[in-house]
There are 6 protein chains.
Amino acid sequence: MTANETTLRSEGRAANALRPVKITRHYTRHAEGSVLIEFGGTKVLCTASVEEKVPPFRRGSGEGWVTAEYGMLPRATHTRSDREAAKGKQSGRTQEIQRLIGRSLRCVFDLSLLGERTISLDCDVIQADGGTRTAAITGAYVAAHDAVSWLLAQGKLTRSPIKDAVAAISVGIFNGVPLLDLEYTEDSACDTDMNVVMTAAGGFVELQGTAEGAAFTRKEMNDLLDLAEKGIGELLAAQKAALGA
Amino acid sequence: MTANETTLRSEGRAANALRPVKITRHYTRHAEGSVLIEFGGTKVLCTASVEEKVPPFRRGSGEGWVTAEYGMLPRATHTRSDREAAKGKQSGRTQEIQRLIGRSLRCVFDLSLLGERTISLDCDVIQADGGTRTAAITGAYVAAHDAVSWLLAQGKLTRSPIKDAVAAISVGIFNGVPLLDLEYTEDSACDTDMNVVMTAAGGFVELQGTAEGAAFTRKEMNDLLDLAEKGIGELLAAQKAALGA
Amino acid sequence: MTANETTLRSEGRAANALRPVKITRHYTRHAEGSVLIEFGGTKVLCTASVEEKVPPFRRGSGEGWVTAEYGMLPRATHTRSDREAAKGKQSGRTQEIQRLIGRSLRCVFDLSLLGERTISLDCDVIQADGGTRTAAITGAYVAAHDAVSWLLAQGKLTRSPIKDAVAAISVGIFNGVPLLDLEYTEDSACDTDMNVVMTAAGGFVELQGTAEGAAFTRKEMNDLLDLAEKGIGELLAAQKAALGA
Amino acid sequence: MTANETTLRSEGRAANALRPVKITRHYTRHAEGSVLIEFGGTKVLCTASVEEKVPPFRRGSGEGWVTAEYGMLPRATHTRSDREAAKGKQSGRTQEIQRLIGRSLRCVFDLSLLGERTISLDCDVIQADGGTRTAAITGAYVAAHDAVSWLLAQGKLTRSPIKDAVAAISVGIFNGVPLLDLEYTEDSACDTDMNVVMTAAGGFVELQGTAEGAAFTRKEMNDLLDLAEKGIGELLAAQKAALGA
Amino acid sequence: MTANETTLRSEGRAANALRPVKITRHYTRHAEGSVLIEFGGTKVLCTASVEEKVPPFRRGSGEGWVTAEYGMLPRATHTRSDREAAKGKQSGRTQEIQRLIGRSLRCVFDLSLLGERTISLDCDVIQADGGTRTAAITGAYVAAHDAVSWLLAQGKLTRSPIKDAVAAISVGIFNGVPLLDLEYTEDSACDTDMNVVMTAAGGFVELQGTAEGAAFTRKEMNDLLDLAEKGIGELLAAQKAALGA
Amino acid sequence: MTANETTLRSEGRAANALRPVKITRHYTRHAEGSVLIEFGGTKVLCTASVEEKVPPFRRGSGEGWVTAEYGMLPRATHTRSDREAAKGKQSGRTQEIQRLIGRSLRCVFDLSLLGERTISLDCDVIQADGGTRTAAITGAYVAAHDAVSWLLAQGKLTRSPIKDAVAAISVGIFNGVPLLDLEYTEDSACDTDMNVVMTAAGGFVELQGTAEGAAFTRKEMNDLLDLAEKGIGELLAAQKAALGA
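Residues numbered from 1 in each chain as written. Chains lettered and ligands numbered in written order. Predicted model: local features only at pLDDT ≥ 70, side-chain atom pairs only at ≥ 80, totals over all residues. Heavy atoms only, no water.

An unreviewed UniProt entry annotates chain A as Ribonuclease PH of Roseateles agri. UniProt lists a comment for chain A under the heading Sequence similarities (unreviewed entry), and it reads "Belongs to the RNase PH family." The record in UniProt for chain A states the following under Catalytic activity (unreviewed entry): "tRNA(n+1) + phosphate = tRNA(n) + a ribonucleoside 5'-diphosphate". (UniProt positions renumbered as here; feature names shortened; annotations may be inferred.)

1. Notes on unusual backbone geometry
All names here are of chain B. The residue histidine 26 is not glycine, and still its phi comes out positive at about 55°. The topology assignment puts histidine 26 in the loop between β1 (21-25) and β2 (33-39). Judged by relative accessible area, which is 59%, histidine 26 ranks as exposed. (Helix = DSSP H or I, 4+ residues; strand = E, 2+ residues; numbered from the N terminus. Buried < 20%, exposed > 50% of the residue type's maximum accessible area, 1.4 Å probe, protein only.)

2. Overview of the side chain of arginine 19 of chain C
Residues and elements named next belong to chain C. Relative to the helices and strands, arginine 19 is located in the segment before β1 (21-25). Within the local environment of arginine 19, its side chain forms a polar contact with the backbone oxygen of aspartate 129, the two atoms lying 2.8 Å apart. Ignoring sequence-local partners within four residues, the contact set of arginine 19 consists of Arg13, Phe39, Gly40, Gly41, Thr42, Asp129, Gly130, Gly131, Asp181, Leu182 and Glu183. (Polar contact = N/O pair within 3.5 Å; in protein donor to acceptor, adjacent residues only side chain to side chain. Contact = heavy atoms within 4.5 Å.)

3. With respect to the interface of chain B and chain A
Contacts between chain B and chain A engage 38 residues on the former and 38 residues on the latter. With both chains or domains summed, chain B and chain A bury close to 3,000 Å², and 47% of this area falls on carbon and sulfur atoms. Counting across the chain B and chain A interface gives 21 residue pairs in polar contact (both at pLDDT 80 or more). (Buried area = accessible area lost by both parts, 1.4 Å probe.)

4. Regarding the sheet that holds strand β1 (residues 21-25) of chain E
Residue and element names in this part refer to chain E. Read across the sheet, 5 strands follow the order β1-β2-β3-β5-β4 without closing on themselves; strand pairing throughout is mixed. With partners counted over all chains shown, the strands left at the sheet margins are β1 and β4 (65-72), one partner each. Ignoring strand direction, the axes of neighbouring strands in this sheet form an average angle of 20°. Inspection of the sheet shows strand β2 (residues 33-39) paired to strand β3 (residues 42-51) by 7 bridges, in the antiparallel sense. In the sheet register, isoleucine 37 faces β3, and the bridge partner there is valine 44. Across the sheet, helix α4 (residues 132-153) is in contact with β1, β2, β3, β4 and β5 (118-127); its angle to β3 comes to roughly 35°. (Pairing = 2+ DSSP bridges. Axes fitted to C-alpha atoms, helices over the stretch in contact; angles between N-to-C directions.)

5. Comments concerning the relation of the copies chain B and chain A
Mapping chain B onto chain A calls for a rotation angle of 180° and an axial translation of 0.0 Å; the resulting RMSD is 0.0 Å. Such values leave the two copies arranged in the relation of a two-fold axis. (Least-squares fit on C-alpha atoms with pLDDT ≥ 70 in both.)

6. Thoughts on the packing of aromatic side chains
Residue and element names in this part refer to chain E. For the coordinates displayed, the defined rule picks out 12 aromatic pairs over all chains. Aromatic pair phenylalanine 57 and tryptophan 65: ring centres 5.0 Å apart, planes at 90°, arrangement edge-to-face. Taking relative accessible area as the criterion, phenylalanine 57 reaches 58% and is therefore assigned exposed. For tryptophan 65, a relative accessible area of 15% gives the class buried. (Phe/Tyr/Trp six-rings, centres within 6.5 Å; stacked < 30°, edge-to-face > 60°.)

Structural data, given as structure tokens:
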């Protein structure tokens, strides 16, 4: 019995394989950075908007700010979810995710080099099939990079405030088998899932592991981190290829 | 001097010409109907979701309901707009538009043939360049049609509740010249703009004319309606072609 | 069979007749303009408040602003409606109406002559029997005129920023008969209803037509506009008479 | 020096005199009870709406409910106040007042005789000049009485659930002089003000005294209660006269 | 039969006796004043926070501000109440109470001596058994006093802005017997209850009496005020003792 | 140079030492479980409330639910924070924490053994000095245990649904030194901090690591997990001792 036989993976994907990753830059017209990122059936539009102002707590600091918001179109999912704008508030899940994206991106920025301006990353899920937050982080990095290139091209910056690249992936354990890049059906079925955010330099930026059913062991965690490091290496290569184009 | 010289039209478009219209069905995977409609640079994703329930005021009536919600991604526009979900409420403009879409679509439905179920039309603007509400209505019709086809294919309906096709276009007067299908720069600059919603049978469903600067005359209104009829005819043909594919 | 026999009109009113219009100025004490306007059983209190400030987007422009808010007392209607303040939000309908009133009034103001101040028009429905938004626009004009007279009398303005008069009426088709100034029972029953806003100079400011049941034809629309022009002419005369008093 | 010389009273009103009280029944058309009550320049529209349902906590109890809501039109006051519906919440003051009105009215109702239905009292201030809450209570009683008469006339009740009449007045101390029925300027200037709610049988239902500046003594309180008893006696007579009409 | 036999008092408490009062200063570490006050089973944590700013309506006045907020932990009560932060709004009761606490404390402050700074009193009920608002006022005074001592010690003030001490108690009538300091079961069962706020100088600051069932007489009110005066005398002594420690 | 010299630890605490842990059961009277837990200067009141109902998504499942809410008194912190109930919404941080507590506790419950009832864990921070979420989880377990004992004692359950114990601790790296149980000043200064939730059986339930400044390495993460395991072992012993008392 192979790993694949015990999983819910689609189309013969190996347990340690990413879904096909596709990064489309300049997806929409107005934003300084606009990237559609696809992890298999998960599609997230990440735009980076430059605004010549900072939040109150940064004013006068000479430093910039990088922040993120996350949303999901009502029918990005299998069944329709209520529109958060109509309900009048963002769910705890939405806020948790957008805070994670913001922290992850700020970690690779030297905010003092950005000047008193803000880069807002809007990550909107067009279609969801698991891993939307990791796709969002991975795509937002490319969008932020394009926004910085625009600032350099405009002469508004002379030196890039980006210190490193950042990407993210989910891993989980299903029926005892560690899996890379969980699809929706796997995500729901996994005993444990972990979202891992890493830089190109190899450091961890965020690590969020959750036992859905049984608690997980140190050994399992190490296996998951090995998988995550492999996957993130491939995502960083995909980002690089996209930006080199 | 041609009409074009006095307008802000892009790329040699005639005063009475639509922008290129593109209708992509099955744009996303999960919705019963999912259509990306493009009017030039305006791109709206319209999904139709079937739900086996109706709002409280229809319960027990044996009749169905068709409703719509509208949203704009924060950076669909030239400058970033605040996310309505983060602000905690939908703007008056958003509510006005989604009410218009809902009424327009209900007008071509025989709700008693739909059964006690709801079709929710979510119209989300991915990129805005004027005319988002008219593109939304035109695209929502195609998405609704696909959702009805799905209901028929599933055997949940034996007869289509759709009585007629519906489409919409904007018209306006700029420097005295009536223009069809306003782009964003025209929309902002026009003295008068009008949104017209019509059925394939040739009737008016909705008519919303607004004088931004000077009031408009009966003669100007008639010129605008002539233009609108022409444009809607072309949109109805585009819908038909898309659904025939 | 006369038109009246086929309609729901009260008290032998002709299809092309307005309900009795009554305009009472100085209805309340504190506002710079305070008008109770009655269209038959519909009673709307319109106050105009002058404030020496403008919204953020007008600051430093040297220009003024005219805006409107609309509300309905909970028991203005046949059955009690929930109080919007208690529910914590204004309905889409309310927002739609107050935006319409604001646009209609701004259309007859030269905002550069108003100076950096705001005229806020509060239109509160004391009793509703159809046509509240058209009564509100018609009454708000008189209240705004009184507020401008106050500004002139105070020496705060030397020249009136009001360019023209504005009034509004509803029209509709019931059982094939075009009707002027719809009462509540007619409004609910009409296939088509249209709200028309015009200036004394004869131009259209706003035109909002909606097919409730069947779509309407160009011919029907023209009949409705003829009726509306007639009615608005009478309303403009009533405003003039009230202001002359 | 007379009391009047030391107060801010308008038009030679004696310290122990009410302002002119006017109670107009059937002020609007739709409500089961509709009363405009005026205490001098203070005008409050009180409607009583009968609804054949009770709040969740009363369901199945066989008993009814009496509740109240309070609002103020934005320009009822000297300077325009923000509309609570637009702000999205009722102020603490508004909630405090509507809770007071509700308790005061429930105190004279035998809810078990009302049956499982609700009487909602909407008290909306059309024009404010001090004492809006006391005018609201006094007027709401008359509106509630009319609603009960309607229920009796409809045969929905065979016996009135109203046990007693209730009315309210404000009293205060200005420059050492006890004043009855405070006008706005007095209310703002008083060291102490007290709102007193009493029944026709002579009992106290609510008593709310507040020292704005210096604390008040037992003696002062007794003087104020004497004044209040006098004023409430006159209000109860006015209610009786209005209902007898 | 003694008074006690006809009441619900716990542990042989006399009708005119307070529950054991305990005042613990410096209960938490960060606040400038932090007091846990206990009236029997009712425990309220009152903190006083000094902030070097005033609300907009006081800016530039040279005067300070004293304000209060009130909250109840969800399981302070017999059955769990919904958390107000999760519901997204404070109840009318909460707002009523925090306004009462704020007014009561401001009454003993000379705000011109406080300078342009704010003392915020947060009164959070840890455990509730009746009388939470009166305990809050009594404890908030001690916390405010400690905050003022801190300001004096810091050299930020040279003279205390506190003019007098203030304390509060509830009284009620149960089965015809006047009771001091109502426990929860008594509070629910009483025909009349009254909250009384007094200064050390013997004046009334606030008086709020409510008839739950039958209206109350002038005689009953006087009996209740006698009881309240006695109880407040004891509370003022307890405050003094605590502050002397 | 010892570890302590390079840290901000108070009072000679070793880098791998917990602050004094104190668990007080039955801290308040009404809740089925009520625990004050102290990690040094951090004090969190954790109550467990049993309610005989479940959220809609569990109804009819025969299974129970365990959920948590988190709050902080406004002056639990060094400077006063705005009250979330007054602001009208819970922050993203609050929601993130309460979701974490809920998941952590559900992980040690067999919900099918709980029956269709809910245990609500309210964790309210009375005083904050770092580690409030880990203290909350550790204390909530004890409160939940007491609530289950109450259910067993009442005969509502015959077998405990608790499968294992759970506790949590924070760890971080400051100046290259791994530290256990971060105080507020350390938490703010650390490059990396991690919250670890483990069961008595030794498994991980939640792991949340965040690089505030530089990213962290696999080696650093392993050192932190070693420290966390040590600390959680001691917390589990403290819980056991408290429950044995």
